[in-house]
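# Working through the structure, step by step
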Amino acid sequence: MRFVCVACNRTFSGRTLPYRCSCGGPLDCENTVKQVRLSGAFRHARYMPLLPVRKLVTLGEGGTPLLRLERLEKAFQLPFKLYAKNEAVNPTGSFKDRGSSVEVAAAVTHHAKRAAVASTGNMGASLAAYSGKAGIPLTVYTPKDAAPTKLEQILAYGAHVVRVRQVYSEVIAGVEALCKEKKVYLLGDYVFRREGTKTVGCEIAEQLGRAPDTVVVPIGNGLLFSGVWKAFTEFKKLKWIRNLPRMVGVQATGCKPVVNALRSGRWNRVERPKTVAMAIECDLPMDGLLVLQAIRASRGTALSVGDREILRAVDLLAQHEGLFAEPAGAAALAGILKDPSQYRRGSTVVCVVSGHGLKAPHHDPHHRMTERATVL
Ligand SMILES: [Zn+2]
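Here's a quick rundown of the structure.

Conventions used here
Residues numbered from 1 in each chain as written. Predicted model: local features only at pLDDT ≥ 70, side-chain atom pairs only at ≥ 80, totals over all residues. Heavy atoms only, no water. Donors = N, O, S within 2.8 Å, 3.2 Å for Na, K, Ca; no water. Tetrahedral: all angles 85-135°; square planar, octahedral: opposite > 155°, others 65-115°. Helix = DSSP H or I, 4+ residues; strand = E, 2+ residues; numbered from the N terminus. Pairing = 2+ DSSP bridges. Contact = heavy atoms within 4.5 Å. Axes fitted to C-alpha atoms, helices over the stretch in contact; angles between N-to-C directions. Core = buried A, V, L, I, M, F, W, Y, C linked by side-chain atoms within 4.5 Å. Buried < 20%, exposed > 50% of the residue type's maximum accessible area, 1.4 Å probe, protein only. Domains from an automatic or database assignment. Right-handed = clockwise from strand over helix to strand, strands pointing away.

Cys-5 (SG), Cys-8 (SG), Cys-21 (SG) and Cys-23 (SG) make up the full set of protein donors to the zinc ion, lying at 2.2 to 2.3 Å. For the zinc ion, the four donor atoms in the first shell make angles of 105 to 117° at the metal, a pattern classed as tetrahedral. Here the donor residues for the zinc ion map to a single chain with the spacing C-x2-C-x12-C-x1-C. Of this pair, Cys-5 sits in strand S1 (residues 2-5) while Cys-23 sits in the loop between strand S2 (11-12) and strand S3 (27-30), and the two are 18 residues apart along the sequence.

Here you go:
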């Protein structure tokens with residue numbers, strides 16, 4: 001394994017790894033493995049030979065179902081096969097557990113005494129569980145509008161929560177500076193997490209026996225998107241699959257920096273991000289560079305969906321398919337339904353359901369979930 005800056009190609013050794021290159025670019029882990037064998041049960045740990053740690057901190061993450069959404073196919077007369085990769089069933093209810101299991105394992109190797117992370121909620125909850133399991137005290141810094149249920153979840157695992165009156169990218173910058181100054185181990189959407197996250201893509205490839213034609217992924221910081229793409233490129237290098245999928249990213253209309261950058265070629269911070277899908281409310285995505293590279297390399301695209309479309313997708317997944325997703329988790333489906341004509345007839349389309357609906361049940365006061373119940 002070799003670590004390389006995505007922006008300037010500078011290389012780093014694993015021992016003295018910074019979280020970011022001095023040029024500001026994100027680091028990537030280059031897998032130099034030529035021949036490996038996967039073994040063991042169908043779950044995250046099966047992909048150890050492709051991960052940059054020797055041992056995982058594990059709560060049994062991964063091995064999530066890939067479900068055919070036949071009732072939605074019928075209801076919308078979709079001419080393609082639609083699947084959902086249900087990441088909601090991970091130990092803390094989101095895909096973040098895959099990254100946490102690798103990232104916290106790396107923290108243990110680096111003898112971290114205490115750690116901190118900036119999170120809109122899911123990553124904080126996941127890291128609270130995994131760092132608790134590893135015995136590393138954690139502080140989670142959240143933007144002030146983080147979902148109360150997620151804060152409760154973080155606190156339940158015994159982590160400390162600090163709510164900051166800033167947008168997400170400012171919270172990240174603040175925590176990076178603080179960790180440097182106080183010598184606290186920094187966790188978050190960095191190189192080790194991307195490696196852990198990529199097993200979403202590994203599993204999809206194994207479940208289908210090949211890469212799907214299209215993978216549709218919600219984009220917040222972009223690490224799920226870049227990780228999934230990376231998995232397919234590594235599987236192709238290893239000659240385990242023949243083709244690569246087309247990558248489609250979905251953002252919320254109220255926060256769509258990737259969609260904007262794809263159009264204008266420039267990265268601009270979203271000034272007042274606002275969406276019901278708070279887990280993808282990232283005003284300046286940390287993995288933006290890799291996301292654009294993946295979109296271009298796969299001839300994919302990125303599009304945005306409004307809050308109403310997202311909430312409708314939450315209802316559709318729950319009521320047609322028995323999948324209760326949080327708004328960000330349903331965003332990919334909303335993106336597919338917005339323009340189903342762009343998917344080839346007879347092709348295979350996978351949307352990633354990134355997080356559980358129980359994580360953000362009060363996502364919209366106007367949605368009035370509980371008013372649907374009958375009171376006797
Ligand atoms: Zn660099």
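The next point concerns the sheet that holds strand S6 (residues 115-118). Two strands in a sheet stick together by hydrogen bonds in their backbones, pointing the same way (parallel) or opposite ways (antiparallel). As summarised here, the arrangement of the four strands in space is S8-S7-S6-S9, forming an open sheet in which the pairing is parallel. Of all the strands in the sheet, the pair left with one neighbour each is strand S8 (160-164) and strand S9 (185-186). In terms of strand pairing, S6 meets S9 through two bridges, oriented parallel. If you follow Ala-115 over to S9, its bridge partner there is Tyr-185. Sheet contacts for helix H5 (residues 168-182): S6, strand S7 (138-143), S8 and S9; angle to S6, the most-contacted strand, approximately 160°.

This part is about the nonpolar core. Grouped together as the largest cluster of nonpolar side chains are 52 residues, with contacts concentrated most on Leu-138, Ile-154, Val-175 and Leu-187. Two domains each provide a minimum of three residues to this core, namely domain 1 (1-30) and domain 3 (96-192). If you look at the next biggest cluster of nonpolar residues, it comprises 36 residues, including Phe-80, Leu-303, Leu-323 and Ala-332.

Most of strand S10 (residues 214-218) sits out of view: five of its five residues are buried. Of the two faces of S10, the one holding Thr-214, Val-216 and Pro-218 and the one holding Val-215 and Val-217 are both buried throughout. Relative to strand S11 (residues 246-252), S10 runs parallel, the two being bridged by five bridges. Following the sheet pairing, Val-217 is matched in S11 by Gly-249. Handedness of the crossover is the feature at issue here: the chain leaves S10, passes through helix H8 (residues 223-237), returns alongside S11, and the resulting connection is right-handed. Here S10 runs beside strand S13 (residues 348-353); their pairing, made up of three bridges, is parallel. Bridging across to S13, Val-215 finds its partner in Val-350.

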